[in-house]
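Structural overview for review
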Amino acid sequence: MNADNINSGRVQKAPENFLTPTGIKEVFAEGKKGRRDFIRNAFAAAAAGAAAPMAMAQGNPVPVEGGDPNILNLPEHTVGLGQGVAAEGYGKPSKFEANLQRRQSPGLTQTTQASVSFAPLQSLFGIVTPSGLHFERHHQGWWDIDPSKHRFMINGMVKKNMVFTMDEIMRLPSVSRFAFIECGANTATEWGNVAVPTVQYTHGMISCSEFTGVPLITLLQMAGADLKNGKFVLAEGGDGSSMTRTIPMSLITSGEVIVAYGQNGEMLRPENGYPLRLVVPGVQGVSWVKYLRRVEVGDKPYAAKDEAIHYMDLQPDGTHRQYTNLQEVKSVVTTPSGGQVLLDKGFYNITGLAWSGKGKIKRVDVSTDGGRNWRQARLETPVLSKALSRFNIDWVWDGKPAIIQSRARDDTGHVQPTYQQLRSVRGTRSIYHNNAIQSWLVQENGEVKNVQVS
Amino acid sequence: MSRFRNALLTLALLAAAGVVAAQSNTFPGIGRAATPSEVAKWDIDVRPDFKGLPAGSGSVAKGQDVWEAKCAHCHGVFGESNEVFSPLIGGTTAEDIKKGRVANLMRSDYPGRTTMMKVPTVSTLWDYINRAMPWTNPKTLSTEEVYAVTAFMLNMANIVPDNYVLSDKNIAEVQARMPNRNGMSTAHAMWPGNELSGVKKPDTANKICMKDCTPEAKVASFLPDFARNAHGNLQEQNRNVGPQRGADTTKPEPKAGMPVAAAAPVAAAKPEINEAKAAIALLNKHSCTACHGVDKKIVGPGFNEIAKKQAGKTDYILSKVKAGGVGVYGQIPMPPQSLPGADAKQIAEWISKGASK
């Protein structure tokens with residue numbers, strides 16, 4: 001076949017190949033066209049040295065006639081009778097929270113069954129992702145599987161092939177641990193340039209939960225697994241794609257890998273693999289096989305579809321890095337972040353998330369001038385290994401343009417790279433494992449934009 | 001006492017039958033031995049060294065028939081489709097087959113990356129076709145069909161000739177012709193164990209610097225104005241209380257210093273349209289949405305497009321769902337659908353009334 005007459009890559013799929021080179025060129029071209037206006041809008045007033053008056057609505061206006069009507073006129077809920085217990089057998093968020101939804105990125109995929117939805121990081125607190133807002137990645141649609149019919153099998157280099165029911169797995173000694181799960185393609189859209197507006201779409205393929213289950217090593221020992229020669233474990237799902245991934249035995253013998261059924265105090269949600277999924281802390285989400293039906297112990301890696309066609313990182317020399325499983329040190333400011341509008345000048349709590357697939361977060365620094373000067377942020381407790389960590393730092397916004405960044409370091413000493421550093425090694429076509437420092441431009445009008453700095 | 005004795009007796013009988021033989025010592029009563037037929041049914045993976053590959057064969061010619069019947073509607077007649085899924089075939093050359101490196105991967109201007117450009121191992125193709133294809137009916141292909149479809153794909157990529165019959169006996173020869181077989185590297189620090197290269201040092205090395213670290217930052221990339229509302233109104237994607245609101249991206253960006261609208265009122269919840277909700281749930285249940293979007297074309301027309309063309313024609317739509325069709329919206333045929341009559345009728349009624357969301 002002649003390369004010139006191949007019409008390929010017009011529409012690219014998630015999480016691979018988000019933007020075609022043509023698409024990237026288009027964005028660049030449009031970007032160049034609009035850049036003058038853009039920069040004028042963002043920086044004009046500051047350059048003129050005349051800070052325009054902030055006419056934005058005050059959050060807490062000075063009372064006019066004796067006080068705030070919200071105080072002076074007692075509302076219905078203060079003077080009436082509320083609702084009774086168990087009005088909702090399974091409680092829901094307030095109706096005022098309806099804007100918090102996991103969302104698809106338009107145009108990313110053609111079907112909803114092989115697609116992703118992103119968690120609304122811009123509106124979440126602490127380190128736990130509410131289960132209903134956990135990001136989704138399905139390869140062949142999700143199912144709500146009857147747990148009484150689900151089975152888990154162990155075979156391969158074991159003394160005895162075994163089968164377990166859910167009842168049996170849940171009878172075994174359990175552990176509960178917090179862990180983040182991040183799709184290897186999180187932030188993939190941004191490798192070449194800015195492509196999406198908010199932190200939900202740039203970083204929303206990450207979530208953090210407390211998972212409960214049985215260490216996989218316990219089950220492998222029951223089957224008499226050959227832990228010396230069996231260096232690799234294949235995990236396989238029970239859904240249509242029966243997704244498979246190769247797991248390093250060293251992570252399993254350390255006790256970290258869990259066969260999990262619990263998530264944040266309840267059972268796993270169906271979208272997250274009910275009734276059984278693998279939890280592989282520090283490793284990209286595709287290895288956390290959902291609807292887990294089987295593990296096989298072997299002496300070689302398996303080159304599964306998601307190890308030999310997707311989830312490989314293309315390097316500038318045309319080779320692919322294969323078996324890139326680890327999620328390296330990364331952080332992002334969640335507020336203020338792209339697509340938000342600050343209400344007024346004055347005090348703000350810059351807040352964000354930091355994580356590393358290699359261990360604990362030791363330090364996060366924040367810059368408000370695009371990376372020139374930095375201040376150390378407060379790490380809030382708990383700071384757990386291979387879980388999300390929350391950081392906060394005080395900031396008084398003077399109404400002038402500011403570029404906010406965060407930079408994390410983990411307990412191996414690895415510091416989150418800049419885009420320049422990352423691209424100088426890996427180019428811009430890697431798709432996976434973009435852990436570069438994110439920039440948010442706060443403009444004079446209070447609107448925050450996703451930008452990249454040179 | 002007698003109950004206890006009965007229980008012991010039962011245990012003894014079970015032991016005699018060999019049932020309890022599988023119990024481990026540490027956790028008695030948990031788990032059992034898998035039977036050979038259970039393992040055979042589930043242990044379907046095929047490794048790059050072909051461990052797990054069942055004996056059998058399939059020809060390119062047979063593969064073409066299977067392809068046209070079961071694969072082409074998503075992947076294109078020549079594997080070129082990018083309508084639904086990424087292209088499978090294309091971008092490889094005879095030179096690549098010789099060297100085992102795909103030259104187009106070294107070009108940053110080459111549009112797209114097909115499966116054949118990337119995949120180093122033929123076992124991966126066999127394994128995934130066998131476990132996950134066709135997309136809406138995975139694991140329904142016979143062993144011969146899997147060999148045949150794999151052979152047809154290899155033929156389209158000029159890796160095997162037209163008269164080739166792929167089998168467990170010759171698949172290793174095919175492996176030696178895979179265009180990107182030498183294109184992989186595990187010399188990186190992103191495998192979290194010592195099983196592969198053992199490289200531990202990360203490839204980036206940023207330093208902690210606190211003051212005057214860089215020249216003044218310049219914005220190098222940002223979202224162009226035309227994309228402002230491409231992800232929907234961001235005002236409706238942020239909490240309505242707290243230090244920030246979402247930007248109203250349905251309107252042009254306010255100029256610097258201009259008043260920004262006061263905090264947005266809480267968006268009124270749209271009244272639930274139960275009929276639409278139920279119909280869309282059925283579409284998902286029966287995988288109609290794999291090929292039809294509610295408001296966009298995928299393989300077949302969007303339901304909105306059908307609704308426009310066939311307004312009010314419930315019976316006609318119903319007949320098309322049951323019998324399938326081709327030519328009304330394009331040349332990709334829709335096979336007959338076997339969903340329950342009541343569900344089909346509910347869907348047809350919803351479409352005929354406008355296919356609202």
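Look above for the structure.
Residues numbered from 1 in each chain as written. Chains lettered and ligands numbered in written order. Predicted model: local features only at pLDDT ≥ 70, side-chain atom pairs only at ≥ 80, totals over all residues.

1. Comments concerning the overall build of chain B
Here is the rule we go by: Helix and strand assignments come from DSSP, with helices taken as H or I runs of at least 4 residues and strands as E runs of at least 2, each series counted from the N terminus. Comment: burial labels come from other C-beta atoms within 10 Å of the residue's own C-beta, placed from the backbone, where a count of 20 or more is buried, 12 or fewer is exposed, and between is partly exposed.
The number of helices and strands found in chain B is 12 helices and 6 strands. For chain B, the residues scored as buried account for 38% of the 357 residues in total.

2. Focus: the packing of helix H11 (residues 314-323) of chain B against helix H12 (residues 341-352) of chain B
Residues and elements named next belong to chain B. Note the threshold: Working convention: axes come from line fits to C-alpha atoms, limited for helices to the stretch in contact. Angles between N-to-C directions cover 0 to 180 degrees. Any angle between 65 and 115 degrees counts as roughly perpendicular, while under 35 counts as roughly parallel, over 145 as roughly antiparallel, and the rest as oblique. Crossings are assigned a handedness: left-handed for a near helix turned anticlockwise from the far helix by less than a right angle, right-handed for a clockwise turn. By definition, residue pairs are in contact when their C-beta atoms, positioned from the backbone, come within 7 Å. Each residue gets one label: Ala, Val, Leu, Ile, Met, Phe, Trp, Tyr, Cys and Pro are nonpolar, Asp, Glu, Lys and Arg are charged, and the others, such as Gly, are polar.
Across the interface, H11 lies against H12 with an axial gap of 8 Å and an inter-helix angle of 130°. When the axes of H11 and H12 are compared, the pair comes out oblique. Regarding H11 and H12, the two cross each other, and that crossing is right-handed. Contacts between H11 and H12 involve Thr314, Ile317, Leu318, Val321 and Lys322 from the first element and Ala344, Lys345, Ile347, Ala348, Glu349, Ile351 and Ser352 from the second. A breakdown of the residues in the contact of H11 with H12 according to their chemical character gives 7 nonpolar, 2 polar and 3 charged.

3. Here's the deal with the pairing of strand E6 (residues 206-215) of chain A
A regular strand places its side chains so that they alternate between the two faces of the sheet. Residues and elements named next belong to chain A. Filter applied, for reference: Pairing between strands is defined by DSSP: at least two bridges between the two strands are required.
The buried count for E6 comes to 9 of 10 residues, which makes it a mostly enclosed element. The pairing of strand E5 (residues 175-182) with E6 spans 8 bridges and is classified as antiparallel. For arginine 177, the partnering residue across the bridge sits in E6 and is phenylalanine 211. As defined by bridge partners, E6 adjoins strand E9 (residues 258-263) across 5 bridges and the pair is classed as antiparallel.

4. Remarks on helix H9 (residues 274-285) of chain B
Residues and elements named next belong to chain B. Stated precisely, the cut-off is as follows: Expected helix span is taken as 1.5 Å per residue step, with the number of steps being one fewer than the number of residues. Here the arc refers to the set of directions running from the helix axis out to each C-beta atom.
Taking 1.5 Å per residue, 12 residues should reach 16 Å; H9 reaches 16 Å between its end C-alpha atoms and fits that length. When H9 is considered as a whole, its buried residues turn out to be Ala279, Ile280 and Leu283. Summarising the axial view, the buried residues of H9 lie within an arc of 100°, below the 170-degree limit, and thus occupy one face. Exposed residues lying more than 90 degrees from the buried face of H9 are Asn274, Lys277, Ala281 and Lys285. As for H9, its buried residues are in contact with H12. Within two residues after H9, serine 287 carries a phi angle of roughly 60°, on the positive side.

5. Regarding unusual backbone geometry
All names here are of chain A. Cis geometry is found at the peptide bond from threonine 335 to proline 336, where omega equals -5°. With respect to the helices, strands and loops of the structure, proline 336 is situated in the loop between strand E15 (330-335) and strand E16 (340-342). In the segment running from threonine 381 into proline 382, the intervening peptide bond is cis, with an omega of -5°. Mapped onto the elements of the fold, proline 382 is located in the loop between strand E20 (378-379) and strand E21 (389-397). One non-glycine residue with positive phi stands out, namely tyrosine 323, at about 60°. Mapped onto the fold, tyrosine 323 is located in the loop between strand E14 (320-321) and E15. Phi is positive for isoleucine 431, which is not a glycine, with a value near 65°. With respect to the element layout, isoleucine 431 can be found in the loop between helix H9 (419-426) and strand E23 (439-442). For isoleucine 431, a count of 24 C-beta atoms within 10 Å translates into the label buried.

6. Things to note about the sheet that holds strand E1 (residues 32-33) of chain B
Reading across from one edge, E8(A)-E7(A)-E12(A)-E3(A)-E4(A)-E1(B) is the order of the 6 strands in this open sheet, with mixed pairing throughout. Here the strands that pair on one side only, and so sit at the sheet edges, are strand E8 (244-248) of chain A together with E1 of chain B. With 6 bridges joining them, strand E7 (residues 232-237) of chain A and strand E12 (residues 292-298) of chain A adopt antiparallel strand pairing. The partner of alanine 235 of chain A across the bridge, within E12 of chain A, is valine 295 of chain A.

7. Quick word on the interface of chain A and chain B
Counting residues at the interface gives 139 residues for chain A, matched by 111 residues for chain B. As judged from the 2 bridges shared by strand E4 (residues 162-165) of chain A and E1 of chain B, these two strands associate in the antiparallel manner. Residue pairing for E1 of chain B: methionine 162 of chain A is matched across the bridge by alanine 33 of chain B.

8. A few points about the sheet that holds E15 of chain A
All names here are of chain A. Within the open sheet, the 4 strands sit side by side as E15-E17-E21-E20. Their pairing is antiparallel. Each edge of the open sheet carries a strand with a single partner, namely E15 and E20. Taken together, the 2 bridges between E20 and E21 define a ladder with antiparallel strand orientation. Each residue of the ladder has a partner; that of leucine 379, found in E21, is phenylalanine 391.

9. Focus: the packing of helix H3 (residues 60-75) of chain B against helix H7 (residues 143-156) of chain B
All names here are of chain B. Where H3 contacts H7, the two axes come as close as 7 Å, and the packing angle between them is 95°. With respect to each other, H3 and H7 are oriented roughly perpendicular. In this structure, H3 contributes Val60, Lys62, Gly63, Gln64, Val66, Trp67 and Cys71 to the contact, and H7 contributes Glu145, Ala148, Val149, Ala151, Phe152 and Asn155. Partitioned by chemical class, the residues of the contact of H3 with H7 number 8 nonpolar, 3 polar and 2 charged.

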